[in-house]
Amino acid sequence: MRRFLSAALLLAACSRKSPDEQLIKQFDSVKSWSATVQFAGEKWRANSVPAFFMRATIAAAEKDYDAAARSIDQSRARKELRDQFRRELDAARASAQRLKHELR
Amino acid sequence: MKKATQLALGVLTAVGGFFDVGNIATCTQAGAHFRFQLIWSLILATIVVIFLIEMSGRFAAVTKKALPDAIREHLGFSFWFVPFLILTAVHLLVLAAEIGGICFALHLITGLPIQVWALPVAILVWLFLWRSTFNAIENSTSILGLITLCFVVAAIWHHPPVHEVLAGSLPSMPSHDPANYWFIAVSIVGAVIAPYLFYFYSSGAVEDEWDSTYIPINRVVAVIGMGFGSIISVGAIIVAGIVLAPRGIKVSDYHQAALMLTEIFPFWGYLLFAISMAIACLGAAVEVALSMSYTFAQTFGWNWGEDLEPIKDARFSLVYTIALLLASLFMVAGIDPLKLTIMTMATNAFVLPFVTIPFLLLMNDRKLLRDASNGIISNIATAAIVVLALVLAVVSIPLTFMGGS
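The sections below set out a description of the structure shown in this document.

Parameters at a glance
- Residues numbered from 1 in each chain as written.
- Chains lettered and ligands numbered in written order.
- Predicted model: local features only at pLDDT ≥ 70, side-chain atom pairs only at ≥ 80, totals over all residues.
- Heavy atoms only, no water.
- Helix = DSSP H or I, 4+ residues; strand = E, 2+ residues; numbered from the N terminus.
- Buried < 20%, exposed > 50% of the residue type's maximum accessible area, 1.4 Å probe, protein only.
- Contact = heavy atoms within 4.5 Å.
- Phe/Tyr/Trp six-rings, centres within 6.5 Å; stacked < 30°, edge-to-face > 60°.
- Buried area = accessible area lost by both parts, 1.4 Å probe.
- Salt bridge = Lys/Arg side-chain N within 4 Å of Asp/Glu carboxyl O.
- Polar contact = N/O pair within 3.5 Å; in protein donor to acceptor, adjacent residues only side chain to side chain.
- Axes fitted to C-alpha atoms, helices over the stretch in contact; angles between N-to-C directions.
- Parallel < 35°, antiparallel > 145°, perpendicular 65-115°, else oblique.
- Left-handed = near helix turned anticlockwise from the far one by under 90°.
- Nonpolar A, V, L, I, M, F, W, Y, C, P; charged D, E, K, R; others polar.
- Core = buried A, V, L, I, M, F, W, Y, C linked by side-chain atoms within 4.5 Å.

1. Some points on the overall build of chain A
When helices and strands are tallied, chain A shows 4 helices and 0 strands. The linear arrangement of helices and strands in chain A, starting from the amino end, is α-α-α-α. Counting across all 104 residues of chain A, residues that qualify as buried make up 38%. Contacts in chain A between residues far apart in sequence, at least 24 positions, make up 74% of those at least 6 positions apart.

Here's what the structure looks like:
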């Protein structure tokens, strides 16, 4: 069992990525949530999904954006990459905010 | 005539009962992340589960004993005790994931938070178990479960590229994100070969009073029922691959999966997804809770049977009552239902050797099964299943570190 755990930890250690790669991977979820909010917005405007679903989706997306913002702040990735992701994150937040206003 | 009806019902049951929260979670993730590239893992798992289901039905038909009962009797209580504990833990996790699925479906329909639904759902499942007979449970949840065929209809209407789907049916190396690819592949296998499935199936065969004449029916039900059932899961992979993947939506939350049917059914798609999820998870929750009671009762030699009045098998009824209460607490505590499901499916894969090996040993006991013991084909399949189970057990934990989302 101890050997197996050591092998598992070794494998996990081998999978360590550079700070840039780590941040790029973490930022994947922001891109995914941004696409989700956009798609859900289209469906809400077409009356395919209810408003409460839209609100819950935006809330889930914003929770992910907050986590991503913390990751960017704590990341040791290159400054240009962090700045680029901050801009993309701002755009995603702005898009979610616009939808929130439409929902009111 | 009676057998023909049972055959039709059995196939229907297998089709309707195949799809559950594990399939919804892993198949939508697979389609959204890797389009059709992981269909092969579903096919592989389906072949394995067909063999396991056929063996457990054959075992029950010949010996008129369910698996835990027979394992305890023939291999000894101490041999069975560790697999029993592991099976109990996995049962509880799967039950919690299924309750999470129903709660999420109700959240989609009503807009109320998931936590609010946890205890009412547990009570609903409990009432269903308390008041119904085995056949009523089996037939109603499975026939209602046919609503999940909407994933197949949606997949066909999307006109998926046939060559890509066929290419995905053969194992291939991942195009990107290898750790996540293998993690989802293992989770799909864990979702399809859920250990509760074949333990439940053998107890169900005993409840239905199968004898040796049911062996051919059992074979047809296992092959056709499980085969068609897996087509629903392939449908979910295809729809997620066509609707979610091109938009860059990766499923890390059920809200993302809930959008997948809205392209093809603009008005009903959202509701169809919610109802499919609710019914599929309800059917599975009832089966898992029953399976847990069966396992306890057969392990400790208690009275058991869903057709008995609860007063005649009080301890049997007490087990599913406590299990439902404990499982609902996962949602009350606010654990994310999708994350719980994915981790549970990976755990299913990890524990596979512990719960399959005792059963596969019994399948070769000629004193017990006589002519119905495993032949060459079944034993080759058995060896392959054991190897696959051991490989899954070894790789599932490191993959959880590296690829688990």
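That covers the picture; the talk isn't over yet.
2. Thoughts on unusual backbone geometry
The bulk of non-glycine residues show a negative phi, and the bulk of peptide bonds are trans. Of note, B:Glu209 is a non-glycine position whose phi angle comes to about 55°, a positive value. Locating B:Glu209 in the fold gives a position in the loop between helix H11 (195-207) and helix H12 (215-243).

3. Description of the packing of aromatic side chains
All names here are of chain B. Per the stated rule, a full pass over the model turns up 29 aromatic pairs over all chains. Ring geometry for Phe77 versus Phe81: centroids 5.4 Å apart, planes at 35°, classification tilted. Pair noted here: Phe77 and Phe81 are both in helix H5 (residues 77-110), with a separation of 4 residues, about one helical turn. The exposure class assigned to Phe77 is partly exposed, which follows from its relative accessible area of 36%. Assessed through its relative accessible area of 31%, Phe81 is described here as partly exposed. Summarising the aromatic geometry, the rings of Tyr201 and Trp210 are spaced 5.9 Å apart at their centres and angled 90° between planes, so their arrangement reads as edge-to-face. By relative accessible area, Tyr201 is classed as buried at 17%.

4. Observations regarding the interface of chain A and chain B
Tallying the contact residues gives 24 residues for chain A and 30 residues for chain B. Of the roughly 2,200 Å² buried at the junction of chain A and chain B (both faces included), carbon and sulfur atoms supply 71%. Applying the counting criterion to the chain A and chain B interface returns 3 salt bridges. In this structure, B:Glu263 engages A:Lys43 in a salt bridge whose closest nitrogen and oxygen atoms are separated by 2.6 Å. Taken together, chain A and chain B are joined by 6 residue pairs in polar contact (both at pLDDT 80 or more). Breaking the side of chain A that touches chain B down by element, the ones donating at least two residues are helix H1 (2-14), helix H2 (19-45) and helix H3 (51-74) of chain A.

5. With respect to the pattern of salt bridges
Residues and elements named next belong to chain A. Applying the stated criterion to the full structure yields 17 salt bridges over all chains. The partner of Glu62 in a salt bridge is Lys100, with the nearest N and O atoms 3.1 Å apart. Of this pair, Glu62 sits in helix H3 while Lys100 sits in helix H4 (residues 79-103), placing them 38 residues apart in sequence. When its relative accessible area of 17% is taken as the criterion, Glu62 is described as buried.

6. Side note on the packing of helix H3 (residues 39-63) of chain B against helix H16 (residues 337-362) of chain B
All names here are of chain B. Following both chains from N to C, one finds H3 and H16 inclined at 50°, their axes separated by 11 Å at the closest point. By the angle between their axes, H3 is oblique relative to H16. Crossing of H3 against H16: the hand is left-handed. Each of Leu52, Met55, Ser56 and Phe59 in H3 lies in contact with H16, whose residues at this interface are Thr356, Phe359, Leu360 and Leu362. Of the residues belonging to the contact of H3 with H16, the class tally is 6 nonpolar, 2 polar and no charged.

7. With respect to the nonpolar core
Residues and elements named next belong to chain B. Counting residues in hydrophobic clusters, the biggest one holds 174 residues, and the most contacted among them are Leu261, Phe273 and Phe359. Counting residues per element, this core draws most heavily on helix H14 (residues 269-300), at 18 residues. Ignoring any residue separated from it by four or fewer positions in sequence, one finds Phe273 in contact with Ile24, Leu108, Phe151, Ala257, Ala258, Met260 and Leu261.

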